[in-house]
2 protein chains.
Amino acid sequence: MEQEFASSLLENAVSAFASLPGIGRKTALRLVLHLLKQNEQDVTAFGEAFIKLRREIRYCTMCHNISESEVCPICSSPSRDASTVCVVENVKDVMSIENTQQHRGLYHVLGGLISPMDGVGPQDIEIDSLVKRVADGGVKEVILALSATMEGDTTNFYIFRRLAPYPDVKITMLARGVSVGNEIEYTDSLTLGRSILNRTPFQDSFSTNQ
Amino acid sequence: MEQEFASSLLENAVSAFASLPGIGRKTALRLVLHLLKQNEQDVTAFGEAFIKLRREIRYCTMCHNISESEVCPICSSPSRDASTVCVVENVKDVMSIENTQQHRGLYHVLGGLISPMDGVGPQDIEIDSLVKRVADGGVKEVILALSATMEGDTTNFYIFRRLAPYPDVKITMLARGVSVGNEIEYTDSLTLGRSILNRTPFQDSFSTNQ
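Conventions used here
- Residues numbered from 1 in each chain as written.
- Chains lettered and ligands numbered in written order.
- Predicted model: local features only at pLDDT ≥ 70, side-chain atom pairs only at ≥ 80, totals over all residues.
- Heavy atoms only, no water.
- Pairing = 2+ DSSP bridges.
- Helix = DSSP H or I, 4+ residues; strand = E, 2+ residues; numbered from the N terminus.
- Axes fitted to C-alpha atoms, helices over the stretch in contact; angles between N-to-C directions.
- Contact = heavy atoms within 4.5 Å.
- Buried < 20%, exposed > 50% of the residue type's maximum accessible area, 1.4 Å probe, protein only.
- Arc of directions from axis to C-beta.
- Phe/Tyr/Trp six-rings, centres within 6.5 Å; stacked < 30°, edge-to-face > 60°.
- Polar contact = N/O pair within 3.5 Å; in protein donor to acceptor, adjacent residues only side chain to side chain.
- Least-squares fit on C-alpha atoms with pLDDT ≥ 70 in both.
- Parallel < 35°, antiparallel > 145°, perpendicular 65-115°, else oblique.
- Left-handed = near helix turned anticlockwise from the far one by under 90°.
- Nonpolar A, V, L, I, M, F, W, Y, C, P; charged D, E, K, R; others polar.
- Core = buried A, V, L, I, M, F, W, Y, C linked by side-chain atoms within 4.5 Å.

Here we come to the sheet that holds strand E6 (residues 170-173) of chain A. All names here are of chain A. Reading across the sheet, the 4 strands line up as E4-E3-E5-E6 and stay open at both edges, with parallel pairing between neighbours. A strand with exactly one partner marks an edge of an open sheet, and here the two such strands are strand E4 (105-109) and E6. Across the sheet, the mean angle separating the axes of adjacent strands is 25 degrees when strand polarity is ignored. Pairing analysis gives 5 bridges linking strand E3 (residues 81-88) to E4, with the strands arranged parallel. Its bridge partner being in E4, Val88 is matched across the sheet by Val109. Across the sheet, helix H5 (residues 91-100) is in contact with E3 and E4; its angle to E4 comes to roughly 160 degrees. Sheet contacts for helix H6 (residues 128-135): E3, E4 and strand E5 (141-144); angle to E4, the most-contacted strand, approximately 150 degrees.

Set out below in structure tokens:
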């Protein structure tokens, strides 16, 4: 629903919010009225946060994660295991995996998944740079940590094929299984089947950092 | 949950979105990653829409609605009935009522409702200016179009008392009744009771512009 606003300033601000995913014009108007109640300095800082972010953001030249320096703190840390590279879709996934504190290696951020439906091909994401990292040597294991979706699986297979010329590099992927806290009764049968095939020795389940 | 971001630019942008009502840090991060995919020019326009809005917004000196001129298009329109003033809480309500096309008079935007719980007293909203408008003469009817809540009723009563010195001015309020499309069975008894007390002649229900 297009609404007529009393002011083009208001119209522009509402349209700006409404251009974001998941935000409609009604919510956008509510957010704009909230901003109007804030003081001018705060609203200026609000708007400039996005302008500065987009203008000054840099990506790590190694892993393509968001970074303030040419090489990000993770890639340049001497305490991380440079021989293990975890391949993820985006920046959020790096944060999710970092939060688990279970990965001591480096990352490689693809910036998307192969999705023919959305017109995203292998050349649109950071796969060539991943292959080059592996070809340059030093990588012993590539962990594919992509979503368990059609796009994730397609991307997994594509990367697997592209890394075939390097048989010494181990390629692993995240375990599929019953989510912690989930009941067997409510676990879908595909997941349950995979969790039986990939069953693990009982004593391993006590170790969180193996 | 406070997350550690790789970049203070990212942190600032996420915090900016998360400062808005109803937006948490997870949604904020999703919105920020969306902005990062847009080109720099679009993101600059995005941020500047809010900065410009807050810096340049003007309010109509008569009705306190958002306006680009000193007196808004509604207040300055010769085709509107200046003797009928509809009192509303905020700018959104003006738009809602304008959309009905049933009100040909002017508005008075309070900018809030009296709410002792939130520390909003009569002096914090545009009640004095409403009383002055009535005192200046020319207003024959004041329509109270406030929400059917505790705060709305409190504000209604307060305005009613403040306008008591002007007995020639008719004070009306929105009809309470069964919403169009609602079933009797699911209408709450307070509303149903009011709708019986305020029953209308059957033939009036065919007229939408009486």
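There is more to say after this.
What follows is about H6(A). Owing to its 3.6 residues per turn, the α-helix aligns residues three or four sequence positions apart on the same side. Residues and elements named next belong to chain A. Within H6 the residues assigned to the buried category are Leu130, Val131, Arg133 and Val134. Each buried residue of H6 sits inside an arc of 155 degrees when the element is viewed along its axis, so together they form one side. For H6, the elements touching its buried residues are E3, E4, E5 and helix H7 (150-162). Remark: Gly137 follows H6 within two positions and exhibits a positive phi of approximately 90 degrees.

Applying the stated rule across the entire model yields 10 aromatic pairs over all chains. Between A:Phe17 and B:Phe46 the ring centres are 6.3 Å apart and the planes differ by 90 degrees, which places this aromatic pair in the edge-to-face class. Of this pair, A:Phe17 sits in helix H1 (residues 8-18) while B:Phe46 sits in helix H3 (residues 40-56), placing the two residues on different chains. Overall, A:Phe17 belongs to the buried group, its relative accessible area being 0%. A centroid spacing of 5.5 Å and a plane angle of 75 degrees characterise the contact between A:Phe46 and B:Phe50, whose relative ring orientation is edge-to-face.

Attention now moves to the side chain of B:Arg80. Residues and elements named next belong to chain B. Note on placement: Arg80 falls in the loop between helix H4 (73-76) and strand E3 (81-88). Engagement of the side chain of Arg80 in a polar contact is seen with the side chain of Glu98, the distance being 2.8 Å. With residues up to four places along the chain from it excluded, the contact list for Arg80 reads Ile74, Glu98, His103, Arg104, Gly105, Leu106 and Tyr107.

With an axial shift of 0.0 Å and an RMSD of 0.1 Å, the rotation relating chain A to chain B amounts to 180 degrees. The transformation relating the two chain copies, once decomposed into turn and shift, fits a two-fold axis. If distances are taken from each C-alpha of chain A to the rotation axis, the shortest is found for A:Gly47, at 2.0 Å. Comparing contact sets, 100% of the residues at the interface of chain A also lie at the interface in chain B, consistent with an isologous, same-surface contact.

With that settled, the discussion passes to the environment of B:Arg104. Residue and element names in this part refer to chain B. In this fold, Arg104 is placed in the loop between helix H5 (91-100) and strand E4 (105-109). A relative accessible area of 46% means that Arg104 is categorised as partly exposed. Distance in space between the C-alpha atoms of Arg104 and Ser79 is 8.1 Å, their sequence separation being 25 residues. Those residues in contact with Arg104, other than ones at most four positions away along the chain, are Ser79, Arg80 and Asp81.

Moving on to the environment of A:Pro122. Residue and element names in this part refer to chain A. Within the fold, Pro122 resides in the loop between E4 and H6. With relative accessibility at 22%, the residue Pro122 sits in the partly exposed group. Sequence spacing of Pro122 and Thr155 is 33 residues, and the spatial spacing of their C-alpha atoms is 8.0 Å. The residues contacting Pro122, other than those within four sequence positions of it, are Ile114, Ile127 and Tyr158.

With that settled, consider the sheet that holds E3(B). All names here are of chain B. The 4 strands are arranged E4-E3-E5-E6 in an open sheet whose pairing can be described as parallel. Since the sheet does not close on itself, it has two edges, and those belong to E4 and strand E6 (170-173), each with one partner. For this sheet, the mean angle separating the axes of adjacent strands, direction not counted, is 25 degrees. Note: strand E5 (residues 141-144) against E6, 4 bridges, orientation parallel. Among the inter-strand pairings, Ile143 is bridged to a residue of E6, identified as Thr172. Against the sheet, H5 engages E3 and E4, with an angle of about 160 degrees to E4. Across the sheet, helix H6 (residues 127-135) lies against E3, E4 and E5, angled at about 150 degrees from E4, the strand it touches most.

On to the packing of helix H2 (residues 25-37) of chain A against H3(B), then. Helix-helix packing: each pair is described by the crossing angle between the helix axes and the interaxial distance. In the contact formed by H2(A) and H3(B), the axes pass within 10 Å of each other and the chain directions differ by 50 degrees. Taken together, the axes of H2(A) and H3(B) lie oblique to each other. The way H2(A) lies across H3(B) gives a crossing that is right-handed. Contact residues: H2(A) offers A:Val32, A:Leu35 and A:Leu36, while H3(B) offers B:Phe50, B:Leu53 and B:Arg54. Of the residues assigned to the contact of H2(A) with H3(B), the class counts are 5 nonpolar, no polar and 1 charged.

Our focus in this paragraph is the nonpolar core. Counting residues in each nonpolar core, the largest one holds 48 residues, and the members touching the most others are A:Phe17, A:Phe50, B:Phe17, B:Phe46 and B:Phe50. Of all elements in the fold, only H1, H2, helix H3 (40-56) and H5 of chain A together with helix H1 (8-18), helix H2 (25-37), H3 and H5 of chain B reach the threshold of two or more residues within this core. With sequence-adjacent residues up to four places away left out, A:Phe50 is seen in contact with B:Ala13, B:Ala16, B:Phe17, B:Leu35, B:Val43 and B:Phe46.

So, to be careful, I would describe these as geometric facts and stop short of saying anything about function.
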